Structure formats: structure tokens, C-alpha cells
Amino acid sequence: MQQMPKQKISVVGTGYVGLVTAVCLAEKGHYLVCVDKDEEKILTINAGKSPIHEKGLDELLQKHINKNVFGTIDLPQAVQQTDVTFIAVGTPFDGEHIDLTYIRQAAAEIGHALKNKSTYHVVVVKSTVVPGTTYDVVKPILESTSQKQIGKDFGLCMNPEFLREGEAVNDFLNPDRIVIGGLDEQSTAALTAVYAGFVGTPIIKTSTQAAELIKYTSNAFFATLISFANEIANLCSQLPNVDAMEVMEAFWLDRRITPMSDKLSVRPGLVDYLKPGCGFGGSCFPKDINALVAYGKQQQKKMTLLESVIEVNNLQPMQMLALLQKYFPHFKNIKIGILGVAFKPGTDDIRCSPAIHVIHELNKHDANVYVYDPVVKTIPAANVVFTDTMETLIKTVNVVMIFTAWPDFQRVPALLTAYNPKAIVIDGRRILGKKDVLHYEGIGINLSPLNLPISA
Ligand code: UGA
């Protein structure tokens with residue numbers, strides 16, 4: 001079989017998306033230059049260590065660093081040395097709109113570098129950006145700073161990324177589809193060639209605007225499922241004898257959700273987003289849904305459903321506090337244990353994590369808060385005591401609040417039995433059964449506190 005020619009690619013921004021893109025494209029045989037303004041990050045990367053906790057990333061980085069992956073802070077040189085440049089910088093939500101500051105900066109710096117380049121180059125927007133950004137914002141900046149013309153001297157594509165934190169390497173290497181929004185045939189063909197090693201993966205070729213919206217549609221859909229499940233769960237919490245987990249599990253069995261093939265049911269991934277819980281967090285869903293709602297407003301389109309998705313989610317961590325207050329109305333004279341502070345298992349990312357909202361709220365009430373997380377070891381601006389092990393936390397506290405579904409937290413019932421059977425468990429991810437512990441509370445289940453186990 002003829003081997004695909006390896007391509008020279010630079011990636012601007014070494015966050016989750018940028019670093020994973022770079023390392024995985026290196027795994028596919030390409031030559032990669034990672035660019036970041038943060039010199040410390042680049043030093044870490046060049047030492048073969050990932051600055052973020054992500055399954056499999058360290059191993060892949062060690063395999064490729066200084067062979068076909070190189071880190072640098074020198075963006076112009078990276079552009080000179082490569083033929084394709086991915087923009088993978090952050091696109092935060094500034095409270096009102098998507099903040100395109102980093103996109104604009106990256107585009108301008110790449111454009112300046114392209115001014116002195118004689119060969120054809122393709123710029124690819126990988127960051128999540130609202131529809132129109134590639135064409136209306138990135139293109140004019142690139143053209144004015146490079147004094148060159150798109151379609152003639154260089155190409156521009158939009159290529160959204162669908163990886164999940166914690167599964168990022170696997171998701172990137174085994175994508176469901178590759179979406180390429182290209183401004184012309186030459187740039188689309190050049191980017192298609194970058195993905196030649198992803199044999200069998202459908203490639204959707206479309207406009208830059210549609211590519212941008214495909215990404216938001218995906219995140220908005222899954223966030224909507226979560227808020228839907230949580231709205232049903234919150235109703236269940238008001239009712240006697242109705243457990244939201246049971247309701248959802250029965251609902252999942254509808255064949256329009258769980259199809260049958262040869263008498264075997266196929267459990268689809270979307271049911272992972274239809275569980276009662278303490279709400280979604282992370283660096284993507286909250287910012288992206290907010291950005292899409294703001295963008296809709298700009299287009300004179302009120303996004304009524306998505307506004308509600310945000311509203312339900314903003315209130316969801318408070319359900320955990322409401323369960324705690326059933327026992328301890330003022331959070332006084334008790335030790336509260338938080339199990340898991342990352343927004344989901346497999347990551348050390350605490351951005352918009354429901355646990356962080358609750359910790360800040362507890363801090364306002366001067367509550368005694370103890371925290372254990374397998375990877376997170378500090379929380380900025382929070383007054384908490386970290387325990388080294390889950391055992392220590394369980395021995396210490398009166399209430400165990402579970403915010404993250406780390407598989408290791410399945411040991412909670414055994415640890416409680418051994419060390420602290422009277423402690424109350426408040427399960428924010430519904431990972432334990434209500435009979436697994438003596439005093440159980442969970443999102444979406446109405447259990448009255450029969451016996452107060454300790455004096456409040
Ligand atoms: C999400 C999308 O799933 C990816 O496809 C997308 O590429 C990524 O955002 C992005 O835009 O970069 P991610 O934020 O890593 O990925 O996390 P998910 O695994 O999708 O979970 C998001 C949040 O939903 C987590 O806080 C999780 O705990 C929460 N969740 C999930 C619930 O609250 N309830 C559920 O039933 C399921």
C-alpha cells in the first residue's frame with residue numbers, strides 16, 4: 001500500500017483541543033509544531049509531559065516529542081516551517097457574547113507570518129466559534145495582515161472538534177465524522193489530505209458557517225438532554241415513591257431511543273446524557289450554550305429552549321444544597337465531605353464544575369468543607385481541607401456529597417460500613433444504589449430523613 005505523504009502542520013494553542021490535535025496527528029504520521037504564548041507550557045510539552053491530565057496523552061506525547069512533535073513560542077517560525085496551521089485557541093464567553101480576542105490575535109499573527117511566505121498555506125479554525133466567524137472575522141484579518149488573497153495565495157477552512165475531555169485521545173483518533181467547512185476546493189482538498197489516515201470515517205464537506213453550527217448543534221443537543229433529565233428528576237424529588245433513575249431507565253428502553261437488532265438491544269451513547277444529576281459543567285457546554293443564545297439574539301432569534309437549558313443547569317447544583325439542608329438547615333456543626341470536584345471523571349478540569357458552585361456557597365456560610373478528588377489537589381479561592389485519600393475523608397465527615405462519577409467512588413459504601421456507617425450520602429451522580437448505604441439521598445429521589453443520625 002502506498003504511504004500517504006506526511007504533512008507539516010502547526011497548531012496554535014496547546015489547550016485540550018490544540019494539544020490533543022497535535023499529538024494525535026503526529027500519531028497519524030504528520031510532523032507537528034505546537035505553538036503557545038505560555039513558555040512554561042511549551043517547556044513542559046518539550047519535556048514530554050502533558051500540562052493537562054488526559055488519559056493516554058502523556059504516553060503519546062512521550063512517543064512523539066522531539067521526533068515529530070516540537071513545541072515553540074515562535075509562531076512566525078512555526079508558520080514558515082509548516083503548510084497547514086490549525087487555530088485552537090480559547091473562545092470564552094464574556095458574560096454577554098463569545099469572546100473572539102484570542103481568535104483575532106492568532107489570525108493576525110498568522111497573517112503577518114504569511115506575508116513572508118512564498119508557498120501555499122492553509123489556515124484551519126478548529127476552535128468553537130459562532131457561525132460566520134471564519135468568514136467574517138478570521139478571513140478579513142488574515143487577508144489584511146498578510147496582504148494576500150484567500151483562494152489564491154492561501155486557503156481557509158473551519159474544522160470543528162468533537163472530542164470529550166477524559167476521552168480526548170480516543171475520540172480524536174476514532175472520530176464519528178470529520179467536518180470540513182472550506183472556502184474553496186483547494187483548501188478543502190488540502191485539509192482532506194491531512195485526514196487521509198482516518199480511513200472509513202465519513203467526511204462532511206460544507207460551508208464554513210454550517211461547520212461552525214454543526215459543532216454548536218451537537219453541544220446544544222446534549223446539554224438539552226441533561227437539563228431535560230434534570231427537570232424530570234427535580235419533579236420526581238417532589239413526589240413520593242418516584243425515583244427519577246427508575247423513570248429514566250424505563251424511558252431509555254423506548255425503541256426509538258434503544259433500538260433492537262437481532263433481539264439484542266443496543267444502548268446508545270445518548271442515554272449517558274439522560275441521567276438525573278447535579279448539572280453539567282466544563283469548558284464547553286456552559287460557554288457554548290450561552291454563546292449560541294447570545295448569537296441567536298444578534299440574529300433576532302430568541303433561543304427559548306436553550307435559555308431554559310441554561311436556567312435549569314444554573315439551579316441544579318443548588319439541589320445538592322437543598323438535600324443537605326433537609327438535615328442541616330444552616331450547615332453548622334458538621335463536617336461536609338465533597339467527593340470529586342472536577343466537572344466529570346477522568347479530568348482535572350474544574351471549570352464551571354457544579355462542585356465548585358456548591359463549595360463557594362458553603363464557604364459563604366462558613367461551613368467545614370473537606371474535599372477528596374483523585375486528581376484535583378487545589379481549588380483557587382476556596383476555603384477547604386483536602387484529604388489525601390478517600391478513606392480519610394470518609395472517616396472525618398458527617399456528610400459525603402458525590403459530585404463526580406469517578407469509578408473509584410463505588411468503594412464509598414464499603415468504606416462507610418467500615419469506618420462511618422452513620423454518615424449521610426448525597427449522591428449527585430446517582431452512582432450508588434439507595435440501599436447501598438444507611439442514609440442515602442440523591443438527585444431525583446424523595447427519601448425523608450427518618451432518623452437524624454447525628455445531632456444537628
Ligand atoms: C463536550 C461534548 O460532549 C464534546 O462532544 C465536545 O467536543 C466538547 O464538549 C467540546 O465542545 O469541546 P465535555 O465537555 O468533555 O465534551 O464533556 P461531556 O462528557 O460531554 O460532559 C459534559 C458535562 O455534562 C459534564 O459535566 C457531565 O458531568 C455532565 N453530564 C453528563 C450530566 O450532568 N448529566 C449527564 O447525564 C451526562
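Residues numbered from 1 in each chain as written. Predicted model: local features only at pLDDT ≥ 70, side-chain atom pairs only at ≥ 80, totals over all residues. Heavy atoms only, no water.

**Q** Talk me through the overall build of the protein chain; I want residue IDs and the actual numbers.
**A** Each helix and strand in the protein chain was counted, giving 15 helices and 16 strands. For the protein chain, the C-alpha radius of gyration of 24 Å lies close to 23 Å, the compact-globule estimate for 456 residues. Counting only residues that meet the buried cut, the protein chain has 53% of its 456 residues in that class. Long-range pairs, those at least 24 residues apart, make up 70% of the contacts in the protein chain between residues at least 6 apart in sequence. Across the protein chain, 43 positive and 46 negative side-chain charges occur, with their mean positions spaced 2 Å apart. (Helix = DSSP H or I, 4+ residues; strand = E, 2+ residues; numbered from the N terminus. Rg over C-alpha atoms; globule rule 2.2 N^0.38 Å. Buried < 20%, exposed > 50% of the residue type's maximum accessible area, 1.4 Å probe, protein only. Contact = heavy atoms within 4.5 Å. Lys, Arg positive; Asp, Glu negative; His and termini not counted. Charge placed at Lys NZ, Arg CZ, Asp CG, Glu CD.)

**Q** Could you give me a rundown of the side chain of Ser-227, with the residues and numbers involved?
**A** Mapped onto the fold, Ser-227 is located in helix H9 (residues 208-236). What makes Ser-227 buried here is its relative accessible area of 4%. Apart from the residues lying within four places of it in its own chain, the contact partners of Ser-227 are Phe-280, Val-309, Val-312 and Asn-313.

**Q** Any details on the site of the ligand? Residues and values, ideally.
**A** Of all residues adjacent to the ligand, which total 21 residues, the nearest are Leu-163, Glu-165, Lys-215, Tyr-273 and Lys-344. Here Lys-215 contributes a side-chain N or O atom positioned 2.6 Å from an oxygen atom of the ligand. Backbone polar atom of Gly-281 to an oxygen atom of the ligand: 3.0 Å apart, as the coordinates give it. Compared with its free state, where it exposes 720 Å², the ligand has 90% of that area covered by protein. Elements that contribute at least two residues to the shell around the ligand include exactly H9 and helix H11 (285-298). (Near = heavy atom within 4 Å. Polar contact = N/O pair within 3.5 Å; in protein donor to acceptor, adjacent residues only side chain to side chain. Areas by Shrake-Rupley, 256 points an atom, 1.4 Å probe, with all protein chains shown as cover.)

**Q** A description of the environment of Gly-200 should follow, citing residues and the corresponding values.
**A** Topologically, Gly-200 is positioned in the loop between helix H8 (185-194) and strand E8 (203-206). Along the sequence, Gly-200 and Val-130 sit 70 residues apart, while their C-alpha atoms lie 29 Å from each other.

**Q** Explain the sheet that holds E8 residue by residue, including any values.
**A** Read from one edge to the other, the open sheet built from eight strands follows the order E3-E2-E1-E4-E5-E6-E7-E8, with strand pairing classed as mixed. For this open sheet the edge positions go to strand E3 (69-72) and E8, each flanked by a neighbour on one side alone. Going from strand to strand, the sheet's axes swing by 25° on average, the running direction of each strand aside. In this sheet, E3 lies alongside strand E2 (residues 31-35) in parallel orientation, the contact comprising four bridges. If you follow Leu-32 over to E3, its bridge partner there is Val-69. Lying over the sheet, helix H1 (residues 16-27) contacts strand E1 (8-12), E2, E3 and strand E4 (84-87), oriented at roughly 165° with respect to E2. (Pairing = 2+ DSSP bridges. Axes fitted to C-alpha atoms, helices over the stretch in contact; angles between N-to-C directions.)

**Q** Go over the pattern of salt bridges, please, and point to the residues and values.
**A** For the structure on display, the rule yields 20 salt bridges. Between Arg-177 and Asp-176 there is a salt bridge, with its nearest N and O atoms 3.8 Å apart. For Glu-307, the salt bridge goes to Lys-302, with nearest N and O atoms at 2.8 Å. Connected via shared salt-bridge partners are Glu-165, Asp-349 and Arg-351. (Salt bridge = Lys/Arg side-chain N within 4 Å of Asp/Glu carboxyl O.)

**Q** How would you summarise the sheet that holds strand E11 (residues 335-339) if you had to cite specific residues and measurements?
**A** Whenever strands of a sheet pair, they do so through backbone hydrogen bonds, lying parallel or antiparallel. The parallel open sheet is built from six strands, whose spatial order is E13-E12-E11-E14-E15-E16. Either end of the sheet is taken by a strand with one partner, and the two such strands are strand E13 (385-386) and strand E16 (439-442). Across four bridges, strand E15 (residues 424-427) lies against E16 in parallel orientation. Residue pairing across strands places Ile-424 opposite His-439, the latter belonging to E16.

**Q** Please provide a residue-by-residue account of the nonpolar core, values included.
**A** Across soluble globular proteins, nonpolar side chains show a tendency to be buried alongside one another. One finds Ile-87, Ile-110, Val-123, Val-138 and Leu-142 to be the most contacted residues of the largest nonpolar core, which totals 45 residues. Ignoring any residue separated from it by four or fewer positions in sequence, one finds Ile-110 in contact with Val-12, Leu-75, Val-79, Thr-85, Ile-87, Val-123 and Leu-142. Counting 37 residues, the second largest nonpolar core, distinct from the first, contains Leu-25, Ala-26, Leu-60 and Phe-86. (Core = buried A, V, L, I, M, F, W, Y, C linked by side-chain atoms within 4.5 Å.)

**Q** Let's hear about unusual backbone geometry: which residues, and what values?
**A** Within the chain, Gln-300 stands out as a residue other than glycine whose phi angle is a positive 60°. Secondary-structure assignment places Gln-300 in the loop between H11 and helix H12 (304-325). Using a relative accessible area of 72% as the deciding quantity, one classes Gln-300 as exposed. Positive phi values are uncommon outside glycine, yet Phe-331 reaches one of about 60°. Among the secondary structure elements, Phe-331 is positioned in the loop between H12 and E11. On the accessibility criterion, Phe-331 (3% relative accessible area) is buried.

**Q** How would you summarise the packing of aromatic side chains if you had to cite specific residues and measurements?
**A** Taken as a whole and judged by the stated rule, the model has nine aromatic pairs. Seen in terms of ring centroids, Tyr-31 and Phe-70 are 5.6 Å apart; in terms of plane orientation they differ by 40°. Their pairing is tilted. In this pair, Tyr-31 sits in strand E2 while Phe-70 sits in strand E3, placing the two residues 39 residues apart along the sequence. Accessibility expressed as a relative area gives 27% for Tyr-31, which makes it partly exposed. A residue is classified by how much of its surface remains accessible, and Phe-70, at 26% relative accessible area, is partly exposed. Aromatic pair Phe-172 and Phe-198: ring centres 6.0 Å apart, planes at 75°, arrangement edge-to-face. (Phe/Tyr/Trp six-rings, centres within 6.5 Å; stacked < 30°, edge-to-face > 60°.)

**Q** Describe H12, listing the residues and the values that go with them.
**A** Compared with the 32 Å implied by 1.5 Å per residue over 22 residues, the 32 Å span of H12 between its first and last C-alpha is a close match. At Pro-317, H12 shows its largest bend, some 30°. Along H12, the positions that sit buried rather than exposed are Leu-306, Val-309, Ile-310, Val-312, Asn-313, Gln-316, Pro-317, Met-320, Leu-321, Leu-323 and Leu-324. (Expected span 1.5 Å × (residues − 1). Bend = angle between axes of the 7 residues up to and from the residue.)

**Q** Mind laying out the packing of H11 against H12, listing which residues take part and the relevant values?
**A** It is at 10 Å that the axes of H11 and H12 come closest, and there the two elements cross at 145°. As for the relative orientation of H11 and H12, their crossing is left-handed in sense. In contact with Ile-289, Asn-290, Leu-292, Val-293 and Lys-297 of H11, H12 contributes Leu-306, Glu-307 and Ile-310. Residue composition of the contact of H11 with H12, by class: five nonpolar, one polar and two charged. (Left-handed = near helix turned anticlockwise from the far one by under 90°. Nonpolar A, V, L, I, M, F, W, Y, C, P; charged D, E, K, R; others polar.)

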